[in-house]
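# Breakdown of the fold
Single-letter residue listing:
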Amino acid sequence: MSVTTPAGFLASGVAAGLKSTGAEDLALVVNTGPTWDSASVFTANRCKANPVLWSQEVVKDGVVRAVVLNSGGANCYTGAEGFQTTHAVAEKVAEKLGIGAIDVVVCSTGLIGLTNSRSDLLAGVEAAYSALAADGGDAAATAIMTTDSVSKQAVVEGAGWSIGGMAKGAGMLAPQLATMLVVITTDAVVPAADLDTALRAATRVSFDRLDSDGCMSTNDTVTVMASGASGITPPLEEFTWALTQMCTDLAMQLLKDAEGADHEIAITVLNAADEDDAVEVGRSIARSNLFKAAIFGKDPNWGRVLASLGTTQAAFDPADLDVAMNGVWVCRNSTPHEDPAGVDLEPREVTVTVDLKSGDARATVWTNDLTHAYVHENSAYSS
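Sequence order as written defines residue numbering, which begins from 1 separately in each chain. Under the rules for a predicted model, residues below a pLDDT of 70 receive no local features and side-chain atom pairs below 80 are neither given nor counted, while totals for whole chains, interfaces and linings still include all residues. Here the side-chain values reflect all heavy atoms present in the structure, with hydrogen atoms and water set aside.

Okay, the overall build of the chain next. The helix count covers DSSP runs of H or I at least four residues long, the strand count covers runs of E at least two residues long, and both are numbered beginning at the N terminus. Counting secondary structure elements, the chain contains 10 helices and 15 strands. Here the C-alpha radius of gyration of the chain, 21 Å, is about what a compact globule of 383 residues would show, namely 21 Å. On the principal axes, the C-alpha backbone points of the chain span a range of 65 × 50 × 35 Å. Any two residues whose heavy atoms approach within 4.5 Å are treated as being in contact. Nonlocal contacts in the chain, meaning residues at least 24 apart in sequence, comprise 81% of its contacts between residues at least 6 apart. Each accessible area is a Shrake-Rupley estimate made with a 1.4 Å probe; only the visible protein chains count as cover when residues are assessed. Total accessible area computed for the chain in this model is approximately 14,400 Å², and 52% of it derives from carbon and sulfur atoms. By the counting rule applied here, Lys and Arg register as positive and Asp and Glu as negative, while His and the ends of each chain are not counted. A charge is said to be at NZ when it belongs to Lys, at CZ for Arg, at CG for Asp and at CD for Glu. Treating the 23 positive side-chain charges of the chain as one cloud and the 47 negative ones as another, the clouds have centres 4 Å apart. In this treatment the radius of gyration is a C-alpha quantity, and the globule benchmark scales as 2.2 Å times the residue count to the 0.38 power.

This is the structure:
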């Protein structure tokens, strides 16, 4: 169940010496063809890491033959030297594979401002190349972990073709995308333009709806590669559906592993004037520290939900809003309704439903609660 499940892919994960623990910290995923179509999306943060700046150029022609990823350091705000390190890593992968560096996506994750050892990275690429295997997906998924407690992998099966994926991320989960690196592979025959269409449709309703703590990363990258090894060209609608299932599965794994979280919260906004309004309202609730702290305390404080709605530009009548928490309609027509004492917030999964009564659009945004453990982990991240 990994990026090497689809035919036409090799992967590996090795220890390059970037992590002080000596754990695996460099992964390589290679598309062996016969086709090399690809698409990618990146963080919307204007402050982008060197690997993102490099990879944005790589993906412009829709061809990617390998993705190399390191944990242990984000290579962000490390100056010209950092960009040269990214370029050197791509060149080393290209040299080993006999391809051009312009077909190599580079990803990094870890602490901003930390200069990665170029010699360690290059030696790591050598080791990763030697370790490439058709069953190397598990090792690759492990090597990209930072504060993750578990690796994230998924597979979606089509009719004679499949999609495999791996992701890392456990904090700074906020659009666009989350703080994450994601590599997705498929052995379906899918032209690059169609991959781009499918990927943007899939991420729009999965990774882009994940809003753990309102903090946007500098390194987010999602890359999908199609080897065409199955020889099957699925209808674009069918492929997009499968890719959306893949992205949603990985997004939920990221949410469940969010740093220190005790609850995963699905916020569904109903009957909005349009989808943008629904997302804006959902995100306003997801980013309320007051609301998130209440859920941590198992307090069904629906007033904090309504207060968040009022900060948005969405169309609704403030005097006619409905709110449910775990299926209990604690508010109807903007007044108290069922007893909040009937809301059981002991389970890890929490649902919040808001009815705007302004149209027929809907959207779901996912977040988690604000815990002591989250504050502790992020206060000590670089020390």
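That covers the picture; the talk isn't over yet.
Strand order in the open sheet formed by six strands is β13-β12-β11-β14-β10-β15, and the pairing between neighbours is mixed. Single-partner strands in this sheet number two, and they are β13 (335-336) and β15 (361-368). When strand β10 (residues 264-272) meets strand β14 (residues 349-355), the two strands line up parallel, connected through seven bridges. By the bridge assignment, Val269 is partnered in β14 with Val354. Axes here mean lines fitted to C-alpha atoms, for a helix over just the part in contact, with angles spanning 0 to 180 degrees between N-to-C directions. Seen against the sheet, helix α7 (residues 275-286) touches β10, β14 and β15 and runs at an angle of roughly 20° to β15. Packing against the sheet, helix α8 (residues 289-296) makes contact with β10, β11 (322-325), β14 and β15, and its axis sits at approximately 125° to β10. Being paired, for any two strands, means DSSP has found at least two bridges between them.

Attention shifts here to the packing of aromatic side chains. Aromatic ring pairs are described here by two measures, namely the spacing of the ring centres and the angle between the planes. Pairing of aromatic side chains requires ring centres within 6.5 Å, counting the rings of Phe and Tyr and the six-membered ring of Trp. Pairs whose planes differ by under 30 degrees are stacked, by over 60 edge-to-face, and all others tilted. Counting across every chain of the model gives two aromatic pairs. The side chain of Arg65 reaches across the aromatic face of Trp36, ending 4.0 Å from its centre. Looking at Arg332, its charged tip hangs above the ring of Trp329, at a distance of 4.2 Å from the centre. A ring has a charge above it when a Lys NZ or an Arg CZ is no more than 6 Å from the ring centre and no more than 35 degrees off the ring normal.

Once that is clear, we can look at the sheet that holds strand β2 (residues 26-31). Read across the sheet, four strands follow the order β1-β2-β4-β5 without closing on themselves; strand pairing throughout is mixed. In this open sheet, the two edge strands, each paired with only one partner strand, are β1 (9-14) and β5 (104-108). Across this sheet, the average inter-strand angle for adjacent strands is 10°, counted without regard to direction. Where β1 meets β2, six bridges bridge the pair, whose relative direction is antiparallel. Bridge pairing links Ser12 to Leu28 in β2. Along the sheet, helix α2 (residues 79-97) contacts β2, β4 (66-70) and β5; its crossing angle with β5, the most-contacted strand, is approximately 135°.

Put simply, a salt bridge is a Lys or Arg side-chain nitrogen that is within 4 Å of an Asp or Glu carboxyl oxygen. Applying the stated criterion to the full structure yields 17 salt bridges. Salt-bridge contacts for Lys60 lead to Glu57; the nearest nitrogen and oxygen are separated by 3.1 Å. Buried means the residue's accessible area, taken with a 1.4 Å probe over protein chains only, is under 20% of the maximum for its type, while exposed means over 50%, and partly exposed covers the values in between. Looking at Lys60, the relative accessible area reads 63%, which means it is exposed. The class for Glu57 is partly exposed, based on a relative accessible area of 43%. Residues Lys357 and Asp320 are paired through a salt bridge, measuring 2.7 Å at the closest nitrogen-oxygen approach. With a gap of 37 residues between them, Lys357 in the loop between β14 and β15 and Asp320 in the loop between α9 (303-309) and β11 connect regions that are remote in the sequence. Its relative accessible area of 24% is what places Asp320 among the partly exposed residues. One connected set of salt bridges, linked through shared partners, spans Lys92, Glu95, Lys96 and Glu126.

A separate point is the packing of α2 against helix α3 (residues 118-131). Relative placement of two packed helices is described by the angle separating their axes and the distance separating the axes. One way to put it is that α2 packs onto α3 with a least axis distance of 10 Å and a crossing angle of 20°. It follows that α2 is roughly parallel to α3 by the angle criterion. Along this stretch, α2 crosses α3, giving a crossing that reads as right-handed. Of the residues in α3, those in contact with Glu81, Gln84, Thr85, Ala88, Val89, Lys92, Val93, Lys96 and Leu97 of α2 are Arg118, Leu121, Leu122, Val125, Glu126 and Tyr129. The class makeup of the residues in the contact of α2 with α3 is eight nonpolar, two polar and five charged. Here the angle decides the label: under 35 degrees means roughly parallel, over 145 means roughly antiparallel, 65 to 115 means roughly perpendicular, and every other value means oblique. Two helices cross in a left-handed way if the nearer one is turned anticlockwise from the farther one by less than a right angle. They cross in a right-handed way if the turn is clockwise. Side-chain classes follow a simple rule in which Ala, Val, Leu, Ile, Met, Phe, Trp, Tyr, Cys and Pro form the nonpolar group, Asp, Glu, Lys and Arg form the charged group, and the remainder, Gly included, forms the polar group.

Attention now moves to the confidence of the model for the chain. Close inspection of predicted coordinates is inappropriate for parts of the model with low pLDDT. Per-residue confidence from the predictor is given as pLDDT, running between 0 and 100. A residue-level look at the chain finds 95% of positions with pLDDT of 70 or above and a mean pLDDT of 93. Contacts for the low-pLDDT stretch residues 172-178, under 50 throughout, to residues beyond four places or in other chains number 50 contacts.

The next point concerns α8. All of the buried residues in α8 are Phe291, Lys292, Ala294 and Ile295. End-on view of α8: buried residues confined to an arc of 155°, all on one side of the axis. Elements that come into contact with the buried residues of α8 comprise β10, α7, α9, β11, β14 and β15. Following α8 by one or two positions, Lys298 has its phi on the positive side, about 60°. For this quantity, the arc is that covered by the directions from the helix axis to the C-beta atoms.

Attention shifts here to the nonpolar core. What we call a nonpolar core is a set of buried Ala, Val, Leu, Ile, Met, Phe, Trp, Tyr and Cys residues that are connected through their side-chain atoms within 4.5 Å. With 43 residues, the main nonpolar core has Val68, Leu69 and Met166 as its most contacted residues. Every residue in contact with Leu69, bar those within four places of it in the chain, is listed here: Asp25, Leu26, Ala27, Cys107, Ile144, Met166, Leu181 and Val183. Ala39, Val224, Ala226 and Met252 belong to the second-largest nonpolar core, a separate cluster that totals 33 residues.

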